[in-house]
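What the coordinates show
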Amino acid sequence: MSRAYRITVKESLSRHVQVEDGVASNLELLPILSPERTSALLAEELGRRGFARDGVKATRQEGAGITVEVNLETGAVQVTAEGHLDLELERTRVGTTEQPHAEKHKEMMQERLKASLEQEAKSEEELLRKKVTEQLSGKLRDLKGELDEVTTRVTAEALKLKAKELGQVEEIHEEPNGGLVIKVRV
């Protein structure tokens with residue numbers, strides 16, 4: 001008669017998971033003024049909206065790991081989102097065998113448990129990635145409107161400055177829908 005031997009294996013996995021997602025776009029700024037002057041107007045408008053200037057870039061932290069960065073020279077916009085997760089996984093498995101010295105059986109159980117923990121860690125990472133992507137998508141909807149307003153304001157200021165260069169400005173009328181009427185005596 002054979003006896004059943006009980007084998008217990010225990011594994012743990014500790015890992016720091018960091019995921020990032022991002023999207024890039026460009027502001028469509030018309031070449032009304034020189035690139036340097038347009039860049040200065042863009043920096044000024046972004047500064048009013050909470051962006052911090054660092055050389056040719058203006059950056060703003062949005063919270064929840066989201067960063068918006070605008071290149072003042074090119075109008076390139078980079079929006080990135082990141083998330084972090086510290087995983088501490090621990091599992092125990094119990095099995096039986098009829099062999100008294102079943103190291104091979106124990107090693108096999110250990111490998112299966114490791115693989116199971118790795119799979120669980122990958123699933124957690126994928127959930128974090130989806131969460132970060134959803135946060136980014138939600139923020140992009142809000143940012144699109146704001147960046148459109150920035151483009152409109154910079155274009156309007158550039159037009160006003162160009163009008164002053166062309167002659168004497170007699171009237172400037174800004175409409176609520178973003179329209180701009182400038183009368184210039186040349």
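Moving on, we come to the overall build of the protein chain. A tally of helices and strands in the protein chain yields two helices and seven strands. A compact globule built from 186 residues would reach a C-alpha radius of gyration of about 16 Å, whereas the protein chain, at 30 Å, exceeds it by more than 25%. Seen through its C-alpha atoms, the protein chain measures out along the principal axes to roughly 110 × 30 × 20 Å. The buried share of the protein chain, taken over its 186 residues, is 30%. Long-range contacts, defined as pairs at least 24 residues apart, comprise 65% of the intrachain contacts of the protein chain with a sequence gap of at least 6. When the accessible surface of the protein chain is totalled, it reaches about 12200 Å², and 48% of it is carbon and sulfur. The positive charge centre, built from 29 side chains, and the negative charge centre, built from 35, are 3 Å apart in the protein chain.

Where charged atoms from two side chains of opposite charge approach closely, those side chains can pair. Applying the stated criterion across every chain, the model contains 24 salt bridges. A salt bridge links arginine 60 to glutamate 62; the shortest N-O distance between them is 2.4 Å. Residue classification places arginine 60 among the buried positions, given a relative accessible area of 12%. Arginine 91 serves as the salt-bridge partner of glutamate 120, at 2.6 Å between the closest nitrogen and oxygen. Of the two residues, glutamate 120 sits in helix H2 (residues 103-166) while arginine 91 sits in strand S5 (residues 76-97), which places them 29 residues apart along the sequence. Residue classification places arginine 91 among the partly exposed residues on the basis of a relative accessible area of 31%. Three or more residues joined by partner-sharing salt bridges are found here, namely Glu44, Glu45, Arg48, Arg49, Arg60, Glu62, Lys139, Glu146 and Glu149.

Bringing the nonpolar core into the picture now. One finds Leu42, Leu46, Val70, Val77 and Val79 to be the most contacted residues of the largest nonpolar core, which totals 31 residues. Sorting the residues of this core by element identifies strand S1 (5-26), helix H1 (35-48), strand S4 (66-71), S5 and H2 as the ones contributing at least two each. Per-element accounting of this core gives the leading share, 10 residues, to H2. Residues in contact with valine 77, not counting those within four places in the same chain, are Val23, Ala24, Ser25, Asn26, Leu27, Val68, Glu69, Val70 and Leu147. Listed in part, the five residues of the second largest apolar core include Ile7, Val9, Ala102 and Leu113.

Turning to H1, a few remarks are in order. Between the first and last C-alpha of H1 there are 20 Å, a value that for 14 residues agrees with the 20 Å anticipated at 1.5 Å per step. Where the residues of H1 are buried, they touch strand S2 (52-54), strand S3 (57-63), S4 and H2. Of the residues one or two after H1, glycine 50 is the one with positive phi, at around 90 degrees.

Take the sheet that holds S4 next. Strands sit in the order S1-S5-S4-S3-S2 across an open sheet of five strands; the sheet is antiparallel. Of all strands in the sheet, those with a lone pairing partner are S1 and S2, marking the two edges. Adjacent strand axes in the sheet meet at a mean angle of 25 degrees when their direction is disregarded. In the sheet, S2 pairs with S3 via three bridges, with the strands oriented antiparallel. In the sheet register, alanine 52 faces S3, and the bridge partner there is threonine 59.

Every α-helical turn comprises 3.6 residues, leaving residues that sit three or four positions apart pointing alike. Between its first and last C-alpha, H2 extends 89 Å over 64 residues, near the 94 Å set by a 1.5 Å rise per residue. If you look at H2, its biggest bend is around 25 degrees, right at leucine 143.

Attention now goes to the layout of surface pockets. Considered as a void within the structure, the largest pocket measures approximately 260 Å³ in volume. Counting residues per element, the lining of the largest pocket draws most heavily on H2, at six residues. For the lining of the largest pocket, the residue count by class is eight nonpolar, three polar and three charged.

How each quantity is defined
- Residues numbered from 1 in each chain as written.
- Predicted model: local features only at pLDDT ≥ 70, side-chain atom pairs only at ≥ 80, totals over all residues.
- Heavy atoms only, no water.
- Helix = DSSP H or I, 4+ residues; strand = E, 2+ residues; numbered from the N terminus.
- Rg over C-alpha atoms; globule rule 2.2 N^0.38 Å.
- Buried < 20%, exposed > 50% of the residue type's maximum accessible area, 1.4 Å probe, protein only.
- Contact = heavy atoms within 4.5 Å.
- Areas by Shrake-Rupley, 256 points an atom, 1.4 Å probe, with all protein chains shown as cover.
- Lys, Arg positive; Asp, Glu negative; His and termini not counted.
- Charge placed at Lys NZ, Arg CZ, Asp CG, Glu CD.
- Salt bridge = Lys/Arg side-chain N within 4 Å of Asp/Glu carboxyl O.
- Core = buried A, V, L, I, M, F, W, Y, C linked by side-chain atoms within 4.5 Å.
- Expected span 1.5 Å × (residues − 1).
- Pairing = 2+ DSSP bridges.
- Axes fitted to C-alpha atoms, helices over the stretch in contact; angles between N-to-C directions.
- Bend = angle between axes of the 7 residues up to and from the residue.
- 1 Å grid on protein atoms, 1.4 Å probe; cavity = no way out; pocket = protein on both sides within 12 Å on 5 of 7 lines; lining within 4 Å.
- Points joined across faces, edges and corners; volume = space filled by probe spheres on them.
- Nonpolar A, V, L, I, M, F, W, Y, C, P; charged D, E, K, R; others polar.

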